[in-house]
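A closer look at the structure
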Amino acid sequence: MHLTEALKDADRIMSICNACRYCEGHCAVFPAMEKRLEFNPADLNYLANLCHNCGSCYHHCQYADPHEFDVNVPKTFSKVRTESYGEYAWPPVMKGIYKKNGYWVAGIGSAAVIGFTVLTSMIVGGAAFFSPNPEGFYGIMPHNVMAGIFGFVAIFALFALFMGIARFWSAIGLPSPLGLKRAEILQAIHDALTLKYMGGGNSDGCTYPDEKPSKWRRRFHHMTFYGFMLCFAATSAGTIMHYLAGLHAPYDFTSLPKILGSLGGIGLLIGPAGLLWLKGKADDRVKDENTTSMDIAFLVLLFMVSLTGFALVFLGGTSLLGLALTVHLGFVATFFLTVPYGKFTHGFYRLVALIAHAYEEKNGKALPVKTETKMAA
Amino acid sequence: MREEIEGRTFDVLVIGGGHAGLTAAVCAAEKGATVCVLEGAPHTHRGGNSRHTRNLRAMHDAPTDVLTDAYPEQEYWEDLLRVTKGKTNEQLARMAIRGSSESVAWLQDHGVHFQPALGGTLHLGRTNAFFMGGGKAVMNALYRSARDLGVVVAYDAPVKDLDFQDGFFQSATVESKEGTYVAKAKTLVASAGGFEANLEWLEEAWGPTAKNFLIRGTPYNRGDLLKTLLACGAQQIGDPKQCHAVAIDGRAPKFDGGIVTRVDCVSLGIVVNVNGERFYDEGEDFWPKRYAIWGRLVAGQPEQLAHVIIDKKSEGMFMPPVFKPEVADTIPELAAKIGVPVETLEQTVSDFNAAVVDGAFNHTELDDCHTEGLAVNKTHWARTIDKPPFRAFSLRPGITFTYLGVGVNERAQMLMDDGKPSANVFAAGEIMAGNVLGEGYLAGIGMTIGGVFGRIAGKEAARHALN
Ligand SMILES: Cc1cc2nc3c(=O)[nH]c(=O)nc-3n(C[C@H](O)[C@H](O)[C@H](O)COP(=O)(O)OP(=O)(O)OC[C@H]3O[C@@H](n4cnc5c(N)ncnc54)[C@H](O)[C@@H]3O)c2cc1C
Ligand code: SF4
Ligand code: SF4
């Protein structure tokens with residue numbers, strides 16, 4: 001494995017932390033670190049994916065800049081983490097997309113929005129596109145076309161995502177999923193769903209956006225994640241109603257898809273907006289450029305998916321329906337396309353890292369990383 | 001900051017923004033006093049040596065959320081008596097011990113979090129409460145509490161002089177980046193630490209060997225305030241040579257290397273000086289009980305330098321060090337790498353190996369592995385040094401903090417030369433730790449002294465000023 005500057009720095013910093021250990025208790029990174037005497041790239045990728053960039057160990061570090069040891073775990077781990085998505089990405093040629101990811105996502109997003117709008121308006125004709133449609137948005141784009149396009153994109157995205165995660169899984173030395181105990185997986189899922197390690201290890205929260213502990217990042221993240229899950233549930237409910245119950249959109253406001261979608265949509269407006277706001281206020285010293293670029297792109301994307309989703313609902317009966325639909329679909333398509341190639345991946349890498357952590361805690365020792373990924377002496 | 005301070009008379013002026021000073025500032029402000037803290041270091045280095053700490057020693061009669069079992073007053077007192085060889089002021093020491101039973105809760109009330117006991121090499125979960133995130137997290141929390149209480153804090157504001165008349169403090173002269181100005185207050189809390197970072201002063205006490213000492217903590221504790229107070233007629237406590245000093249890695253930075261520069265494998269191997277000779281029993285007692293004497297031992301060796309040598313058998317048995325050791329497959333090769341005479345080292349190692357009496361090695365107890373017949377025997381954990389690769393870590397004396405200070409009474413009032421308390425000066429922390437620590441050290445008692453006397457000093461100063 002190629003030794004990047006970030007990996008070298010992470011190795012150096014972990015050797016200092018491992019002799020200090022004052023931050024043990026803040027999060028899972030430190031107990032995992034303590035099980036190791038040396039740090040191979042795969043170890044560092046694993047540790048970096050346990051880190052939530054909460055900032056606690058930076059603000060509490062007596063060796064932080066301007067100390068000559070220049071210890072900065074959150075920033076260095078941000079770099080390593082983002083590089084790790086590239087390292088394990090599938091197909092490997094996609095590695096580069098994690099550099100300046102924000103520009104890629106913005107580019108794909110613009111292309112998708114413009115593409116959908118231009119193509120659809122050409123197909124249905126300008127006049128029809130810009131007038132109210134008695135059949136709602138399926139009058140503009142038939143259900144099967146929409147399902148076909150998104151089904152195809154989703155299958156590719158999920159496959160690419162799966163491949164990346166599988167490579168990460170094996171690189172950090174986790175045994176086959178069948179070799180894991182249920183308790184370990186449940187523990188990891190619990191830690192992921194509660195964002196246990198986004199709490200600074202105490203009742204006051206983590207030190208984000210500044211040195212003062214706060215619980216707001218976790219709250220906004222919960223709104224984002226559960227908002228997303230509600231939207232996902234809304235889409236699933238809609239799909240089931242469409243195919244199994246023969247009930248077709250548009251649904252009215254008291255229907256299951258609408259209620260779930262509206263609640264989720266609100267979460268996806270407030271959550272990402274809050275996270276963006278905190279990110280803006282957060283100390284630059286804990287941020288890595290490439291990661292920030294990816295984070296902002298993802299948060300803006302989620303926000304726009306939700307905002308344009310609401311616009312579609314409210315403009316449904318007007319002459320702007322067509323435009324609202326294609327803009328929304330453009331953002332949704334961008335979301336699906338970048339599932340394996342943007343911030344969305346972090347949830348899965350995080351979950352795998354938490355599974356590894358639960359496994360290590362149960363077994364009381366470090367996972368054996370693959371020898372070919374060992375760092376040269 | 002200068003404008004906020006100049007021309008105003010505060011109730012309480014705190015000089016030195018470490019754990020002791022901030023504790024005093026917060027307590028005084030909670031009593032309703034107006035408080036100003038002058039911190040000599042920039043914001044990034046605020047909190048002096050306190051930001052390097054990891055725990056405090058707290059008396060308790062029953063298990064608590066952060067301490068196991070019990071650590072009663074009598075046991076704490078006996079521990080202190082043993083390490084200081086009786087050189088302590090019993091009244092003040094017992095005050096510190098009793099006061100420590102409130103320290104954890106006081107800090108928790110002020111935003112400090114503790115963590116469960118460390119599993120590592122120091123078995124301290126019973127006697128010591130560990131800060132989550134270490135001492136800098138503690139200091140951040142205390143600075144936040146102070147800010148919320150309206151305490152005025154100036155960074156980069158070292159005090160160079162005091163206006164002091166007949167045992168009565170009037171004002172302090174600050175030499176900051178904003179120029180030289182005067183800070184006035186009705187009372188003073190002196191909490192600017194010891195003089196450990198003042199190499200010239202250390203040299204006065206220790207002679208030229210002090211040049212080779214490393215300073216484990218802040219470069220800002222230069223003892224300026226201590227020197228001024230002594231010059232103003234404060235009672236001197238302790239001897240300038242008394243200090244806490246440990247053996248740390250010789251490659252550590254001159255200042256501020258902190259905890260990670262320690263070397264934890266002395267009891268597993270042998271220690272030789274630059275001549276390649278052993279000079280002290282490496283296995284006398286558990287390392288946590290012995291690490292504090294090794295600073296002095298190494299300071300007594302030529303060039304103030306030594307090397308600990310271990311073989312493969314000891315790999316992975318101690319906390320991983322930051323600095324990579326010298327590694328070699330033979331003893332002569334290792335000797336060449338670390339610059340000690342090859343023949344002498346070979347002789348030392350073979351004499352040692354020949355003297356080892358086989359036993360059942362157990363690093364968690366005082367085992368029966370020892371040497372016999374050497375001028376300097378190793379009394380526990382003695383195992384032959386014969387399995388390559390061999391590793392060597394260099395050792396130098398690292399000064400933690402000095403004990404020379406000003407005398408205080410049980411109200412934390414500073415005593416004058418004639419034994420009478422100064423009317424409006426209080427002292428807390430390192431600057432008066434010598435009252436309790438005549439010599440020796442108990443892990444975690446530095447923060448205990450700072451906390452207990454900081455709380456007393458803050459309350460007493462506020463009471464004095466507000467009366
Ligand atoms: C590496 C290391 C680890 C330690 N670990 C522990 C531990 O785990 N537990 C424990 O109990 N003790 C520990 N100690 C000892 C402990 O740090 C001290 O006993 C304690 O912090 C003293 O607190 P203080 O407030 O008196 O001094 P400090 O925290 O050093 O504060 C003194 C402050 O005064 C300021 N100052 C100095 N001169 C001036 C001036 N002229 N004008 C204005 N300001 C000035 C300094 O900038 C500094 O901020 C450790 C020490 C070191 C160096
Ligand atoms: S981040 Fe700093 S304080 Fe925390 S464990 Fe690492 S070196 Fe120690
Ligand atoms: S999660 Fe927070 S405390 Fe843990 S390593 Fe990351 S920044 Fe540090």
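Residues numbered from 1 in each chain as written. Chains lettered and ligands numbered in written order. Predicted model: local features only at pLDDT ≥ 70, side-chain atom pairs only at ≥ 80, totals over all residues. Heavy atoms only, no water.

With that out of the way, let us pick up the overall build of chain A. A count of helical and extended segments in chain A gives 14 helices and 0 strands. The order of helices and strands in chain A, counted from the N terminus, is α-α-α-α-α-α-α-α-α-α-α-α-α-α. Taking 377 residues into account, the globule formula puts the C-alpha radius of gyration at 21 Å, and chain A, at 22 Å, falls close to it. A principal-axis box enclosing the C-alpha atoms of chain A has dimensions of 70 × 40 × 35 Å. A burial count over chain A gives 53% of its 377 residues as buried. Summarising the internal contacts of chain A: among those between residues at least 6 apart in sequence, 76% fall at separations of at least 24. For chain A, the exposed area adds up to about 16,600 Å²; of that, 69% sits on carbon and sulfur atoms. Averaging the coordinates of the 31 positive side-chain charges in chain A and doing the same for the 27 negative ones gives two points 4 Å apart. (Helix = DSSP H or I, 4+ residues; strand = E, 2+ residues; numbered from the N terminus. Rg over C-alpha atoms; globule rule 2.2 N^0.38 Å. Buried < 20%, exposed > 50% of the residue type's maximum accessible area, 1.4 Å probe, protein only. Contact = heavy atoms within 4.5 Å. Areas by Shrake-Rupley, 256 points an atom, 1.4 Å probe, with all protein chains shown as cover. Lys, Arg positive; Asp, Glu negative; His and termini not counted. Charge placed at Lys NZ, Arg CZ, Asp CG, Glu CD.)

Moving on to the nonpolar core. Core analysis: the biggest nonpolar cluster contains 108 residues, and B:Leu13, B:Leu38, B:Leu162, B:Leu229 and B:Phe453 have the highest contact counts within it. If one sorts the elements of this core by residue count, helix 12 (residues 445-466) of chain B sits on top with 9 residues. Among residues more than four places away in sequence, those in contact with B:Leu38 are B:Ile5, B:Leu13, B:Val14, B:Ile15, B:Gly16, B:Gly17, B:Ala154, B:Ala157, B:Val159, B:Val174, B:Tyr181 and B:Ala183. Judged by nonpolar contacts, the second largest core, of 96 residues, contains A:Tyr58, A:Val105, A:Phe168 and B:Ile248. (Core = buried A, V, L, I, M, F, W, Y, C linked by side-chain atoms within 4.5 Å.)

What follows covers the interface of chain B and chain A. Each partner contributes to the interface: chain B provides 33 residues, whereas chain A provides 30 residues. At the boundary of chain B with chain A, total buried surface from both sides reaches about 2,600 Å², with 57% on carbon and sulfur atoms. Among the salt bridges present, the one from A:Glu211 reaches B:Arg144, with a minimum N-O distance of 2.3 Å. Ranked by residues supplied to the side of chain B that touches chain A, first place goes to helix 6 (residues 135-148) of chain B with 6 residues. (Buried area = accessible area lost by both parts, 1.4 Å probe. Salt bridge = Lys/Arg side-chain N within 4 Å of Asp/Glu carboxyl O.)

The next subject is empty space enclosed by the protein. Inspection of the entire model under this criterion finds 7 cavities of 30 Å³ or more. What the largest cavity holds in volume is close to 140 Å³. In terms of lining residues, the largest cavity is bounded by 17 residues, among which A:His60, A:Asn202, B:Gly111, B:His113 and B:Ala137 are the most central. When residues in the lining of the largest cavity are grouped by element, the largest group, 5 residues, is from helix 6 of chain B. Across the lining of the largest cavity, the residue classes break down as 6 nonpolar, 9 polar and 2 charged. (1 Å grid on protein atoms, 1.4 Å probe; cavity = no way out; pocket = protein on both sides within 12 Å on 5 of 7 lines; lining within 4 Å. Points joined across faces, edges and corners; volume = space filled by probe spheres on them. Nonpolar A, V, L, I, M, F, W, Y, C, P; charged D, E, K, R; others polar.)

Before going further, it helps to examine the pairing of strand 7 (residues 159-165) of chain B. All names here are of chain B. Both strand 7 and strand 8 (residues 168-176) contribute to a ladder of 6 bridges, which runs antiparallel. Paired with Gln165 across the two strands is Phe168, which belongs to strand 8. Between strand 7 and the antiparallel strand that follows it, strand 8, lie 2 residues; Asp166 among them carries a positive phi value of about 50°. (Pairing = 2+ DSSP bridges.)

Here we come to the pattern of salt bridges. Applying the stated criterion across every chain, the model contains 38 salt bridges over all chains. Taken together, the shared-partner salt bridges connect B:Glu73, B:Glu90, B:Arg94 and B:Arg98 into one network.

In the region of ligand 2, the neighbouring residues are A:Cys17, A:Cys20, A:Arg21, A:Tyr22, A:Cys23, A:Phe30, A:Cys57, A:His60, A:Cys61, A:Gln62, A:Tyr63 and A:Val71. Residue composition of the shell around ligand 2, by class: 9 nonpolar, 2 polar and 1 charged. (Near = heavy atom within 4 Å.)

In this section: helix 6 (residues 101-124) of chain A. Counting along an α-helix, one turn takes 3.6 residues, and residues three or four places apart therefore face a common direction. Residues and elements named next belong to chain A. Over its 24 residues, helix 6 extends 34 Å from the first C-alpha to the last, a length consistent with the 34 Å expected when each residue adds 1.5 Å. Taken as a whole, helix 6 has its buried residues at Asn101, Gly102, Val105, Gly109, Ala112, Val113, Phe116, Thr117, Thr120 and Ser121. Buried residues along helix 6 sit in contact with helix 7 (126-129), helix 8 (143-171), helix 12 (289-314) and helix 13 (321-337). The positive-phi residue at the C-terminal boundary of helix 6 is Gly125, with phi of around 90°. (Expected span 1.5 Å × (residues − 1).)

In this section: the side chain of B:Glu282. Note that B:Glu282 resides in the loop between strand 13 (270-273) and helix 9 (287-299). Setting aside anything within four residues of it in sequence, one finds B:Glu282 in contact with B:Val266, B:Ser267, B:Gly269, B:Ile270, B:Val271, B:Trp294 and B:Lys378.

For the rest of this paragraph, the subject is the site of ligand 3. Residues and elements named next belong to chain A. Around ligand 3 lies a shell formed by His26, Cys27, Val29, Phe30, Cys51, His52, Asn53, Cys54, Gly55, Cys57, Val73 and Pro74. Of all the secondary-structure elements, those providing two or more residues to the shell around ligand 3 are helix 2 (29-34) and helix 5 (73-87). Classifying every residue of the shell around ligand 3 gives 8 nonpolar, 4 polar and no charged.

In this section: helix 10 (residues 216-243) of chain A. With 28 residues, helix 10 of chain A should cover 40 Å at 1.5 Å per step; its first-to-last C-alpha distance of 40 Å lies within 8% of that length. Of all the positions in helix 10 of chain A, only A:Arg217, A:Phe220, A:His221, A:Thr224, A:Gly227, A:Phe228, A:Ala234, A:Ala237, A:Gly238, A:Met241 and A:His242 are classed as buried.

Quick look at the packing of helix 9 (residues 182-194) of chain A against helix 14 (residues 345-363) of chain A now. All names here are of chain A. With their axes 8 Å apart at the nearest point, helix 9 and helix 14 run at an angle of 130° to one another. Our classification of the angle between helix 9 and helix 14 gives oblique. Of the two elements, helix 9 crosses helix 14, and the hand of that crossing is right-handed. Counting all contacts with helix 9, which are made through Ala183, Glu184, Gln187, Ala188, Ile189, Asp191 and Ala192, the residues of helix 14 involved are Leu351, Leu354, Ile355, Ala358, Tyr359, Lys362 and Asn363. The residue inventory of the contact of helix 9 with helix 14, partitioned by class, reads 9 nonpolar, 2 polar and 3 charged. (Axes fitted to C-alpha atoms, helices over the stretch in contact; angles between N-to-C directions. Parallel < 35°, antiparallel > 145°, perpendicular 65-115°, else oblique. Left-handed = near helix turned anticlockwise from the far one by under 90°.)

All names here are of chain B. Here strand 5 (residues 128-131) shows two buried faces, one formed by Asn128 and Phe130 and the other by Ala129 and Phe131. Pairing geometry for strand 3 (residues 55-57) and strand 5, over 3 bridges, is antiparallel. By the bridge assignment, Leu56 is partnered in strand 5 with Ala129. In the sheet, strand 4 (residues 114-115) pairs with strand 5 via 2 bridges, with the strands oriented antiparallel. Each residue of the ladder has a partner; that of Gln115, found in strand 5, is Phe130.

Residue and element names in this part refer to chain B. For chain B, the assigned domains read domain 1 (2-238 + 403-466) and domain 2 (245-398). Domain 1 and domain 2 are separated by 35 Å when their C-alpha centres are compared. On the domain 2 side, the residues contacting the 20 residues of domain 1 number 23 residues. When domain 1 packs against domain 2, the two sides together hide about 2,000 Å² of surface, and 61% of this comes from carbon and sulfur. Where domain 1 touches domain 2, the interface holds 1 salt bridge. A salt bridge links Arg51 to Asp256; the shortest N-O distance between them is 2.9 Å. Counting the contacts that link domain 1 with domain 2 gives 12 residue pairs in polar contact (both at pLDDT 80 or more). Among the elements of the structure, helix 7 (199-206) and strand 10 (214-215) are those that each provide at least two residues to the side of domain 1 that touches domain 2. Considering only residue class, the side of domain 1 that touches domain 2 consists of 9 nonpolar, 7 polar and 4 charged. (Domains from an automatic or database assignment. Polar contact = N/O pair within 3.5 Å; in protein donor to acceptor, adjacent residues only side chain to side chain.)

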